[in-house]
Amino acid sequence: MAKKEMKDVVVAVDPKHKKQMKALIGKLEDKGFVLADSLTEIGVLTGSAPADAIKDLKGIDGVENVELNRTDYSTQ
Amino acid sequence: MARRPRRSTSAKSPARTSTPQPSASQPSLGSTPAEPPGEFTGRYLVLLREDDLSSGLQALKSRAGLSEVCSSADFSHGEVEMAQASDAEIFVLDKLKVAVVNADPTQVQGLSAAVADDSAIMAVEPERFMYALQRAELQAGGAVPLQYLRGYRDAVNHLYDALAVESPELAEAGIAAAFADTAQFTWGLQATKVSQSRFTGRGVRIAVLDTGMELSHPDFAGRAITSLSFIPGEQVQDGNGHGTHCIGTALGAKSPMTGVRRYGCASMGEIFAGKVLSNGGSGADNGILAGINWAITNQCRVISMSLGAAVRPGETFSPVYEAVAQRALQSKPGTLIIAAAGNSSRLPNGQRREPPNPVGRPANCPSIMAVGALDSTLKVAPFSDGGINPNGGGVDIAGPGVSVFSSFPINRGSHGTISGTSMATPHVAGIAGMWLEAAGMNTNAHALWQMLTGNALRLPISSRDVGAGLVQAPV
């Protein structure tokens, strides 16, 4: 079976779910999310997820937003 | 833009030396909308076509049968003698393309007909009396609707902006004459009044998220520096130069050890150097967000980000960055995130694109302060991006961003002069630190935003390009 294409993502977490972060990460992982970093102070998780699962991540209770990790930033 | 905190100023208005008796009511005029109740001077304001003042004046004279004209251009430095102006049949505010007309109802009918005829006369309305407002009335919010007050404030600010260009004070401040680097100060520190300020941002933690820092720079000897790299495989040590330059502008010393001119704003601020862009000058969301998280965890009150990615016209801001910036602003006491508007608006011929390209990401978030760049004559830099996109994608404030002298890595000569909205951004960040010191460390981030925009030097340039104007330090 072909390996699923993984995309780097950033996930904004609803502040109300900040205390249940561990449980939320578990729900994300159930959808294929792989955690890289938990930025607790700003309520953001970074990691990767199967390209076709990103819309499922957005549907999880406690997830505010999911965006693809943009890599085109530069000095101005 | 509408959701952002905006400046509120008490602008000067010309003193009135002649006060005709009020007429209690005034009929609405032909094509002009019905007027709310008010008191009128008996004169009329006539808006003339901006690109053809002489045709407008000709139309005004012929339609109303008036001949005696007095112009604000007749007075030096815009210092209009109101008694003389009030006596004229037509008093022209040439910068505003507005005429104040002493006309009877029949003459006014002629002018109103001219508006309908699509002539060089754009609009006619009765001139109102304006009164100083009692503070109690304002607080009660009863007698005067807030909407009306805002409109009045904007109109007065607009008038002041247009007329003040001719004032010697503003001319000396750089509208007409250029600033220049001196042996003591960069032009940017002079234009922003950092050079005159007694504040140093003492104790304010300011994070600069960039390409890192030259950690052995002699100008920063003895300063406490907290640093961390978020770029895999790269140390904080700046292999690019951009980060060291930006840190120099935001936090450089009052008297640089190398003996060069002063180039830094918050000279006693605490330096937090987060490397979120590689030595090659590029970076990604995950590193930038990790840098923001690190800065906030370390109680940095200001985060300066001289970085960005281009967005298309019509493209909206990132909801993730907006959520992060809102939380930063709303936390106690709060962190203000400041970012470069972007440099993509210069055409190959060196001119500025019109309209400019939109403010980039993440500066286009409503809760991130977007900074445009000015040159030493206080004109918009040709590369500086503008407020094209809706939903917060505007420029909020401007800073010195052309030919900016600051620190560089030692192996590149220790100092250098470069340009960009990147250079304007740390001016604003350092000055934010100075305002925090001046107002007290308990000042929240929303109030800090207001201080920066509310005290900016208004410029005769569209807010699309410079927002509230040139950032100014507390003095």
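Residues numbered from 1 in each chain as written. Chains lettered and ligands numbered in written order. Predicted model: local features only at pLDDT ≥ 70, side-chain atom pairs only at ≥ 80, totals over all residues. Heavy atoms only, no water.

1. Structural notes on the sheet that holds strand S2 (residues 34-39) of chain A
Pairing is antiparallel across the open sheet formed by 4 strands, whose spatial order is S2-S3-S1-S4 (chain A). Looking at the sheet topology across the chains shown, the edges are occupied by S2 and strand S4 (63-68) of chain A. Averaged over all adjacent pairs, the angle separating strand axes in this sheet is 25 degrees, with direction ignored. By the bridge criterion, 7 bridges tie strand S1 (residues 6-13) of chain A to strand S3 (residues 44-50) of chain A in an arrangement that is antiparallel. Among the inter-strand pairings, A:Ala12 is bridged to a residue of S3(A), identified as A:Val44. Across the sheet, helix H9 (residues 285-297) of chain B is in contact with S1, S2, S3 and S4 of chain A; its angle to S2(A) comes to roughly 30 degrees. Contacts from helix H10 (residues 319-330) of chain B reach S1, S3 and S4 of chain A within the one sheet, and its direction differs from that of S4(A) by about 130 degrees. (Pairing = 2+ DSSP bridges. Helix = DSSP H or I, 4+ residues; strand = E, 2+ residues; numbered from the N terminus. Axes fitted to C-alpha atoms, helices over the stretch in contact; angles between N-to-C directions. Contact = heavy atoms within 4.5 Å.)

2. A few points about the packing of helix H8 (residues 242-251) of chain B against helix H11 (residues 421-439) of chain B
All names here are of chain B. Interhelical geometry of H8 versus H11 gives an angle of 35 degrees and a closest axis separation of 7 Å. Of the two elements, H8 crosses H11, and the hand of that crossing is right-handed. Residues His242, His245, Cys246, Thr249 and Ala250 of H8 form the contact with H11, whose own contacting residues are Ser422, Met423, Pro426, His427 and Gly430. Classifying every residue of the contact of H8 with H11 gives 4 nonpolar, 6 polar and no charged. (Left-handed = near helix turned anticlockwise from the far one by under 90°. Nonpolar A, V, L, I, M, F, W, Y, C, P; charged D, E, K, R; others polar.)

3. As for the sheet that holds strand S6 (residues 205-210) of chain B
All names here are of chain B. Taken in spatial order, the 7 strands of this open sheet run S7-S8-S6-S10-S12-S13-S14, and their pairing is parallel. The outermost strands of the open sheet, each flanked by one partner alone, are strand S7 (225-229) and strand S14 (397-400). In this sheet, neighbouring strand axes are inclined to one another by 25 degrees on average, regardless of whether the strands run parallel or antiparallel.

4. A look at the packing of aromatic side chains
Residues and elements named next belong to chain B. Within the structure shown, the criterion is met by 4 aromatic pairs over all chains. Ring centres 5.9 Å apart and planes at 70 degrees place the aromatic pair Tyr263 and Phe405 in the edge-to-face group. Of the two residues, Tyr263 sits in the loop between H8 and strand S8 (270-275) while Phe405 sits in strand S15 (residues 404-407), which places them 142 residues apart along the sequence. Pair check on accessibility: Tyr263 and Phe405 agree, each one buried. Through a chain of ring-to-ring contacts, the aromatic side chains of Phe230, Phe272 and Trp294 assemble into a single cluster. For Arg261, the ring lying beneath its charged end belongs to Phe405, and the centroid distance is 4.7 Å. Above the face of the Phe408 ring, Arg412 is positioned so that its terminal group lies 4.6 Å from the ring centre. (Phe/Tyr/Trp six-rings, centres within 6.5 Å; stacked < 30°, edge-to-face > 60°. Buried < 20%, exposed > 50% of the residue type's maximum accessible area, 1.4 Å probe, protein only. Lys NZ or Arg CZ within 6 Å of the ring centre and 35° of its normal.)

5. Considering the interface of chain B and chain A
Contact with chain B, which involves 38 residues of that partner, is made by 25 residues of chain A. Contact between chain B and chain A buries roughly 2400 Å² in total, counting both sides, with carbon and sulfur atoms accounting for 55%. The largest contributions to the chain B side of the interface with chain A come from B:Asn293, B:Val320 and B:Arg327, which together make up 25% of the buried area. Joining chain B to chain A, the criterion identifies 3 salt bridges. With a shortest N-O distance of 3.1 Å, B:Arg361 and A:Glu67 are connected by a salt bridge. Where chain B meets chain A, there are 24 residue pairs in polar contact (both at pLDDT 80 or more). Sorting the residues of the side of chain B that touches chain A by element identifies strand S9 (282-283), H9, strand S11 (307-308), H10 and H11 of chain B as the ones contributing at least two each. It is H9(B) that contributes the most residues to the side of chain B that touches chain A, 9 residues altogether. Of the strand pairs in this sheet, strand S5 (residues 73-75) of chain A and S11(B) are connected by 2 bridges, and their pairing is antiparallel. In the sheet register, A:Thr75 faces S11(B), and the bridge partner there is B:Leu307. (Buried area = accessible area lost by both parts, 1.4 Å probe. Salt bridge = Lys/Arg side-chain N within 4 Å of Asp/Glu carboxyl O. Polar contact = N/O pair within 3.5 Å; in protein donor to acceptor, adjacent residues only side chain to side chain.)

6. Topic: the nonpolar core
Residue and element names in this part refer to chain B. Counting residues in each nonpolar core, the largest one holds 48 residues, and the members touching the most others are Ile338, Ile397, Val428, Ile431, Met434 and Leu452. Of all the elements in the fold, those that place two or more residues in this core are S6, H8, S8, strand S12 (336-340), strand S13 (369-374), S15, H11 and helix H12 (445-454). With residues up to four places along the chain from it excluded, the contact list for Leu452 reads Leu336, Met369, Ile397, Val428, Ile431, Ala432, Trp435 and Val471. (Core = buried A, V, L, I, M, F, W, Y, C linked by side-chain atoms within 4.5 Å.)

7. Things to note about the pattern of salt bridges
Applying the stated criterion across every chain, the model contains 14 salt bridges over all chains. Of the charged contacts in the structure, one is a salt bridge between A:Asp72 and A:Arg70, with a shortest N-O distance of 2.8 Å. A salt bridge links B:Glu315 to A:Arg70; its shortest N-O distance comes to 3.5 Å. One end of the pair, B:Glu315, is in the loop between S11 and H10; the other, A:Arg70, is in the loop between S4 and S5, on a second chain. Connected via shared salt-bridge partners are A:Arg70, A:Asp72, B:Arg312 and B:Glu315.

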